[in-house]
Amino acid sequence: MPFSTIIEPFRIHSVEPLKVTTVDERRAALAAAGGNLFGLHADDVLIDLLTDSGTGAMSRDQWAGIQRGDESYAGSPSWFRFLEAVQELFPLPHVIPTHQGRAAEKILFSVIGGPGKVIPNNTHFDTTRANVEFTGAAAVDLVIPEGLDPAAIHPFKGNMDLERLDGLLAERAADVPAVFVTITNNSGGGQPVSLENLRGVRTLCDEHGVPLFLDACRFAENAWFIRDREPGQGDRAVRDIVRDMAALADGMTMSAKKDGLANIGGWLAVRDDALAEQCRNLLILTEGFPTYGGLAGRDLEAIAQGLREVVEHDYLRYRIRSTAYLGEGLLAAGIPVVQPIGGHAVYLDARALLPHVPPLQYPGQSLAIALYETGGIRACEIGTVMFGRRPDGSEHPAALDLVRLAIPRRTYTQSHIDYVIEVCAEVAARAGDLGGYRIVEEPATLRHFTARFAPL
Ligand SMILES: Cc1ncc(COP(=O)(O)O)c(C=O)c1O
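Below is a summary of the structure that appears in this document. (Residues numbered from 1 in each chain as written. Predicted model: local features only at pLDDT ≥ 70, side-chain atom pairs only at ≥ 80, totals over all residues. Heavy atoms only, no water.)

A word on the overall build of the protein chain
Working step 1: Check the secondary structure of the protein chain and you find 16 helices and 14 strands.
Working step 2: In terms of C-alpha radius of gyration, the protein chain reaches 21 Å, essentially the compact-globule figure of 23 Å for 456 residues.
Working step 3: Principal-axis analysis of the C-alpha atoms gives the protein chain an extent of 60 × 50 × 45 Å.
Working step 4: Across the 456 residues in the protein chain, those meeting the buried criterion constitute 57%.
Working step 5: Counting contacts in the protein chain only where the partners sit at least 6 residues apart, residues at least 24 apart contribute 71% of the total.
Working step 6: Roughly 18,300 Å² of accessible area belongs to the protein chain as shown, and the carbon and sulfur atoms make up 53% of that amount.
Working step 7: For the protein chain, the separation between the mean place of its 42 positive charges and that of its 58 negative charges on side chains is 2 Å. (Helix = DSSP H or I, 4+ residues; strand = E, 2+ residues; numbered from the N terminus. Rg over C-alpha atoms; globule rule 2.2 N^0.38 Å. Buried < 20%, exposed > 50% of the residue type's maximum accessible area, 1.4 Å probe, protein only. Contact = heavy atoms within 4.5 Å. Areas by Shrake-Rupley, 256 points an atom, 1.4 Å probe, with all protein chains shown as cover. Lys, Arg positive; Asp, Glu negative; His and termini not counted. Charge placed at Lys NZ, Arg CZ, Asp CG, Glu CD.)

Right, dumping it as structure tokens:
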């Protein structure tokens, strides 16, 4: 295109109203939710950046797929269309549909996890870590050191630290049922993993006889970054890069709520016949028959169509550019964010913005609460609230205290994002006045979903 403005490669077909609330109304809503943004009524949220998971807008053709959905219990044509779309990108022989990503994780780790086992990953996502640890296995994060430094500029900050992985495998390969790589690395800032790094992981896995699995939720965004940043990849089709990534893997877990462009769904896919059989047996116990898993036929159709759309270059160019637009606006306002800007979200560095609030007083939570109170923006703490409680009950600062502004796919326009930048700048200007919080109530695991907070 001869013009530099990158536009949304779609027009709006159906709209959802947004409710504008006052600061007082938002304070009352926060009080009722115990300071936990997951506890809000979504009607009270103006711009919902809590997650990019399942919150995107489906296309006309996905809605048409919903109508076409065939609800046969076994062997539905919708299942075959889903299978074909998945295997077109990820040619793994066994595809096991689940209602979302964590169901795939639960099934897989129930089979391969257990006490004494170790699962390395660049960075485990919270549900992945929880599902690993629930079996008694240890979840070890081995992202490169740049991946832990919010200000470090590196094109592939999600890369696995190959030296540390080699060290772990040299010592404990017999206890490692799989090496995981999360693309893109959500908990580390939505940062991509290079093809070269994935090949390096594959070589180590081969040397030590360990399978390689992808947590592939944002595979298309990762492939776009590879195309954009990795030498020799710039002329390639994203779908071919995705196939290259898939060819390196022995299996994958997937949440179709991200790069499936669907509102629900996921799958587990594996090469190994015996592993697939064990997983399918568990699937039938908890999810459903192997040709629908945890999904309706119409959901399978929406995912099949979403997988075709998500690898389109116009879509990915707009997607990655619009996330960068938010990040650049925040940086221009002097707000510290994880750099370079990731694929699906911009991560505010709450520890840098609120240096007077120690990690165990949850600077990320404090910032997230202020964004909601000030402008009705719902963000997500990704820091000590999410990761601070260890399985032995002790509490420690997380590696980073971030606040994630996740961008739902194809949902908000540029003026929504300009508003977000303005609200963030206003909050940042009085960051020194924001105080810490304490937790007054929390569950045993995944506390960020339901913990209640009180200001200190
Ligand atoms: C990297 C990663 N893995 C796994 C999951 C879990 O997927 P789901 O929410 O569909 O259970 C998520 C969800 O956000 C994720 O970002």
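Details of the sheet that holds strand β12 (residues 402-406)
Working step 1: Taking strand neighbours across the sheet as the criterion, the three strands line up as β9-β12-β11 in an open arrangement whose pairing is antiparallel. The outermost strands of the open sheet, each flanked by one partner alone, are β9 (345-349) and β11 (380-382). Pairwise comparison of adjacent strand axes, ignoring direction, gives a mean angle of 35 degrees for this sheet.
Working step 2: Sheet topology note: the β9/β12 ladder contains five bridges and is antiparallel. (Pairing = 2+ DSSP bridges. Axes fitted to C-alpha atoms, helices over the stretch in contact; angles between N-to-C directions.)

Points about the site of the ligand
Working step 1: Taken together, the neighbourhood of the ligand is formed by 16 residues, with Arg 102, Asn 186, Asp 215, Ser 255 and Lys 258 sitting nearest.
Working step 2: Here an oxygen atom of the ligand and a side-chain polar atom of Arg 102 are 2.7 Å apart.
Working step 3: Here Arg 218 contributes a side-chain N or O atom positioned 2.8 Å from an oxygen atom of the ligand.
Working step 4: Protein coverage of the free-state accessible area of the ligand, which is 390 Å², stands at 97%.
Working step 5: Elements with a contribution of two residues or more to the shell around the ligand: α4 (101-112) and α5 (126-134). (Near = heavy atom within 4 Å. Polar contact = N/O pair within 3.5 Å; in protein donor to acceptor, adjacent residues only side chain to side chain.)

A word on the environment of Trp 63
Working step 1: By the element assignment, Trp 63 lies in helix α2 (residues 60-68).
Working step 2: It is 26 Å that separates the C-alpha atoms of Trp 63 and Ile 6, two residues lying 57 residues apart in sequence.

Overview of the pairing of strand β3 (residues 118-121)
Working step 1: Neither face of β3 is open: one carries Val 118 and Pro 120, the other Ile 119 and Asn 121, and all of them are buried.
Working step 2: Of the strand pairs in this sheet, β3 and strand β4 (residues 138-141) are connected by four bridges, and their pairing is parallel. Across the sheet, residue Pro 120 finds its bridge partner in β4, namely Val 140.
Working step 3: This β-α-β element, β3 to α5 to β4, shows right-handed connectivity. (Right-handed = clockwise from strand over helix to strand, strands pointing away.)

A few points about the packing of helix α8 (residues 219-229) against helix α9 (residues 238-247)
Working step 1: Interaxial distance between α8 and α9 falls to 9 Å at its minimum, and their mutual angle equals 110 degrees. As summarised for this structure, α8 and α9 are arranged roughly perpendicular, according to the angle between their axes. In contact with Phe 219, Ala 220, Asn 222, Ala 223, Trp 224, Ile 226 and Arg 227 of α8, α9 contributes Val 238, Ile 241, Val 242 and Met 245.
Working step 2: A per-class count over the contact of α8 with α9 returns nine nonpolar, one polar and one charged. (Parallel < 35°, antiparallel > 145°, perpendicular 65-115°, else oblique. Nonpolar A, V, L, I, M, F, W, Y, C, P; charged D, E, K, R; others polar.)

Quick word on the side chain of Arg 409
Working step 1: Position of Arg 409 relative to the elements: it lies in the loop between β12 and α16 (414-429).
Working step 2: From its side chain, Arg 409 meets the backbone oxygen of Lys 258 in a polar contact 3.5 Å long.
Working step 3: Among all residues touching Arg 409, those that are not within four sequence positions of it are Asp 52, Gly 56, Ala 57, Arg 218, Glu 221, Lys 257, Lys 258, Asp 259, Leu 261, Tyr 315, Arg 319 and His 344.

Remarks on the environment of His 99
Working step 1: Structurally, His 99 is set in the loop between β2 (94-98) and α4.
Working step 2: We classify His 99 as partly exposed; its relative accessible area is 28%.
Working step 3: Spatially, the C-alpha atoms of His 99 and Glu 84 are 18 Å apart, while their sequence positions differ by 15 residues.
Working step 4: The contacts of His 99, once residues within four sequence positions are left out, are Ile 264, Gly 265, Gly 266, Glu 287, Gly 294 and Leu 295.

Considerations on the environment of His 208
Working step 1: Residue placement: His 208 occurs in helix α7 (residues 195-208).
Working step 2: Each C-alpha atom of the pair His 208 and Val 311 lies 33 Å from the other, and the pair is 103 residues apart in sequence.
Working step 3: The residues contacting His 208, other than those within four sequence positions of it, are Asp 166, Leu 169, Ala 170 and Ala 173.

What about the state of the cysteines?
Working step 1: All chains considered together, the criterion is met by zero disulfides.
Working step 2: We note that Cys 205 lacks a disulfide partner, and the nearest cysteine sulfur, in Cys 279, lies 18 Å from it.
Working step 3: Left unpaired, Cys 217 is separated from the closest cysteine sulfur, that of Cys 380, by 15 Å. (Disulfide = S-S within 2.5 Å.)

Describing the pairing of β2
Across a regular strand the side chains alternate sides, sitting on one face of the sheet and then on the other.
Working step 1: Buried residues dominate β2, accounting for five of its five residues.
Working step 2: Burial along β2 is two-sided: the face carrying His 94, Ile 96 and Thr 98 and the face carrying Val 95 and Pro 97 are both buried.
Working step 3: Pairing of β2 with strand β8 (residues 266-270) involves five bridges; the strand directions are antiparallel. In the sheet register, Ile 96 faces β8, and the bridge partner there is Leu 268.

Some words on unusual backbone geometry
Most of the time, phi is negative for any residue but glycine, and the peptide bond is trans.
Working step 1: Residue Thr 184 follows Ile 183 across a cis peptide bond; omega there is -20 degrees.
Working step 2: Positionally, Thr 184 belongs in the loop between β5 (179-182) and α7.
Working step 3: With an omega of -10 degrees, the peptide bond between Gln 339 and Pro 340 qualifies as cis.
Working step 4: Positive phi values are uncommon outside glycine, yet Leu 261 reaches one of about 55 degrees.
Working step 5: By secondary structure assignment, the location of Leu 261 is in the loop between β7 (251-255) and β8.
Working step 6: On the basis of relative accessibility, which here comes to 6%, the residue Leu 261 falls in the buried class.

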